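# Commentary on secondary and tertiary structure
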Amino acid sequence: METKITRMLGIEHPIVQGGMQWVSYAELAAAVSNAGGLGIITALTQPSPKALVNEIARVRSMTDKPFGVNLTILPTLKPIPYDDYRQAIIDSGVKIVETAGSNPGGHIAKLKEAGITILHKCTTVPHALTAQELGADIISIDGFECAGHVGEEDIPNFILIPTAISRLRIPVIASGGMVDERSLVGALALGAEGINMGTRFMCTKEAPIHDRVKEAIVAQSERDTCVILRSLRNSSRVARNQVAEAVLELERKGLGIQDIGPVVSGAKGRRVYEEGDINAGIWTVGLAQALINDIPSCQALISRIVQGAEDIITKRLDAICSSSTLVESTL
Ligand code: NAD
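Here the residue index of a chain counts from 1 through its sequence in written order. Only residues with pLDDT of at least 70 are given local features in this predicted model, and only at 80 or more are side-chain atom pairs given and counted; all residues enter the totals for whole chains, interfaces and linings. The basis for every side-chain value is the complete set of heavy atoms in the structure, and neither hydrogens nor water enter the calculation.

### A few points about the domain arrangement of the chain
To keep it simple, the criterion reads: For the domain bounds, the source is a domain assignment made automatically or taken from a database. Working rule for contacts: check all heavy atoms of both residues, and any pair within 4.5 Å makes them a contact. Summed over both partners, buried area is the accessible surface (1.4 Å probe) that two parts give up on being assembled. Just to be clear on terms, a salt bridge is a Lys or Arg side-chain nitrogen sitting within 4 Å of an Asp or Glu carboxyl oxygen. Counted as a polar contact is a pair of N or O atoms within 3.5 Å, where, for protein atoms, one must be capable of donating a hydrogen and the other of accepting one, and residues adjacent in sequence contribute only when both atoms are in side chains. Only runs of H or I of at least four residues qualify as helices and only runs of E of at least two qualify as strands under DSSP, and these elements are numbered from the N terminus. Any residue outside Ala, Val, Leu, Ile, Met, Phe, Trp, Tyr, Cys, Pro, Asp, Glu, Lys and Arg is labelled polar, Gly included; the first ten of those are nonpolar and the last four are charged.
According to the domain assignment, the chain contains domain 1 (4–208) and domain 2 (212–287). Computed from C-alpha atoms alone, the centre-to-centre distance between domain 1 and domain 2 is 22 Å. Between domain 1 and domain 2, the contact holds 23 residues from the first and 23 residues from the second. Carbon and sulfur atoms supply 57% of the area that domain 1 and domain 2 bury against each other, a total of about 1900 Å² over both sides. Considering only the surface of domain 1 that becomes buried against domain 2, Trp22, Glu152 and Met202 emerge as the three largest contributors, covering 32% of it. Where domain 1 packs against domain 2, one counts 2 salt bridges. When the shortest N-O distance is used, the salt bridge between glutamate 152 and arginine 230 registers 3.5 Å. There are 16 residue pairs in polar contact (both at pLDDT 80 or more) connecting domain 1 and domain 2. Secondary-structure elements contributing two or more residues to the side of domain 1 that touches domain 2 are β7 (148–149) and α9 (199–202). Residue composition of the side of domain 1 that touches domain 2, by class: 13 nonpolar, 6 polar and 4 charged.

### Quick notes on the pairing of strand β5 (residues 117–122)
How we decide: Here the term buried applies to any residue with accessible area under 20% of the maximum for its type, exposed to any over 50%, and partly exposed to those in between, with areas from a 1.4 Å probe on protein chains only. By the convention used here, strands pair only if DSSP detects at least 2 bridges between them. The handedness rule is simple: strands pointing away from the viewer, and a clockwise path from the first strand over the helix to the second, make the crossover right-handed.
For β5, the tally of buried residues reaches 6 of 6 residues, placing the bulk of the element in the interior. Here β5 shows two buried faces, one formed by Thr117, Leu119 and Lys121 and the other by Ile118, His120 and Cys122. Note that strand β4 (residues 96–100) and β5 share 5 bridges and pair parallel. For isoleucine 96, the partnering residue across the bridge sits in β5 and is threonine 117. Summarising the sheet, β5 and strand β6 (residues 138–142) pair through 4 bridges and their orientation is parallel. Along β6, the bridge assignment pairs leucine 119 with isoleucine 138. Regarding the hand of the β-α-β motif, the stretch spanning β5, helix α6 (residues 125–134) and β6 is right-handed.

### Looking at the sheet that holds strand β11 (residues 236–239)
This is how the line gets drawn: Axes here mean lines fitted to C-alpha atoms, for a helix over just the part in contact, with angles spanning 0 to 180 degrees between N-to-C directions.
Pairing is antiparallel across the open sheet formed by 3 strands, whose spatial order is β7-β11-β10. Two strands lie at the open edges of the sheet, namely β7 and β10 (225–228), each paired on one side alone. Judged from the 2 bridges that link them, β7 and β11 form a sheet pairing that is antiparallel. If you follow glycine 148 over to β11, its bridge partner there is arginine 237. This element, helix α11 (residues 242–252), spans β10 and β11 of the sheet and lies at about 35° to β10.

### Some points on the pattern of salt bridges
Tallying each qualifying case throughout the model produces 16 salt bridges. Of the charged contacts, one joins aspartate 154 and arginine 230 as a salt bridge, the two residues approaching to 2.8 Å between their closest N and O atoms. On the criterion of sequence distance, the pair formed by aspartate 154 in the loop between β7 and α7 (157–167) and arginine 230 in the loop between β10 and β11 is long-range, its members being 76 residues apart. Taking the shortest distance from any N to any O, the salt bridge between arginine 200 and aspartate 294 comes out at 3.1 Å. Of the two residues, arginine 200 is situated in helix α9 and aspartate 294 in the loop between α13 (266–275) and α14 (298–330); the sequence distance between them amounts to 94 residues. Note on aspartate 294: relative accessible area 27%, which makes it partly exposed.

### Re the site of the ligand
Put simply, the rule is: We define proximity as follows: a residue is near a molecule or strand when any one of its heavy atoms falls within 4 Å of that partner. Only the protein chains shown count as cover for residues, and the accessible areas themselves come from Shrake-Rupley with a 1.4 Å probe.
In the vicinity of the ligand there are 19 residues, among which Pro75, Leu77, His149, Asn234 and Gly266 approach most closely. Contacts to the ligand include glutamine 21, whose side-chain N or O atom sits 3.0 Å from an oxygen atom. Interatomic distance of 2.8 Å between a backbone N/O atom of proline 75 and an oxygen atom of the ligand. Protein coverage of the free-state accessible area of the ligand, which is 790 Å², stands at 82%. Contributing elements (two or more residues each) for the shell around the ligand: β3 (67–72) and α12 (257–264).

Have a look at this one:
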């Protein structure tokens, strides 16, 4: 399958792996890139810009295919030296960066000067238009189905993707709720140039998270997530566990980040992924978990999605079109 984004990113299949905090390490990114998609590591998962330089080198030791680095700019409990992370990305010769979280204005010009292709991930069309004007090359539009930071406007992908495509000049990747061959065909039919999957890639053999988290995703349904931090205008879709319920209760009481911060801290969420205790903290997961029933390798997953999408197009959809032609000609 060749689309604008496979050509722009130099990848074989129009499938991008989401930049997921505490999940998107070199092992996962390299496995996705080796399977013909675009693997992405997250800058802020690394404790320092220097550690990020090492992580980028680790990806390169595992793949010679294109890969990207995610730089997410959101409120954090501790200040983050974003400019130093950006410089580490540039100095390491990375060719593709995914910006996300908020206005990437402070970063895009410097990344572009270094010849980097920028994907900007956002949840509304006005934000996408701003990123386009700032110089982003591709928009990953993130529907309300997604995991993590869903934005504040709750627009699902059946509306968000075609609206974005009709208003943007640059190519769009569909993100949020993307999970299988049906998502890929649906996204392409809506006009997207490919898909971005996060939760689905958490449930692969190479994802460096505890098996109990992967098993929980397989067991959970579309009803087992909730959106927290809405009261702080930093809404985030997470697994509906004991900690998420406690956060919702604190929000109902009108408490602020001083009280909520220690409960939602990323350090606790990290323990979920590393130790497999799914109630140790907040962990992000999308509605797509409803459609995840197995834990394949990235290669098997991507091959299955691409082959399945081709089958839907050439067999099911083609048959529907041919049979309607038949009916018309019979009339
Ligand atoms: P953290 O421990 O600093 O904060 C935990 C959560 O509280 C995060 O969702 C954060 O955005 C939120 N938060 C912190 N301070 C806040 C405030 N003043 N007001 C409102 N909300 C506040 O976060 P972390 O887990 O160490 O992650 C570091 C950063 O990287 C976070 O901003 C995270 O969202 C971001 N990140 C997210 C993704 C993703 O969702 N795909 C990917 C990469 C990085």
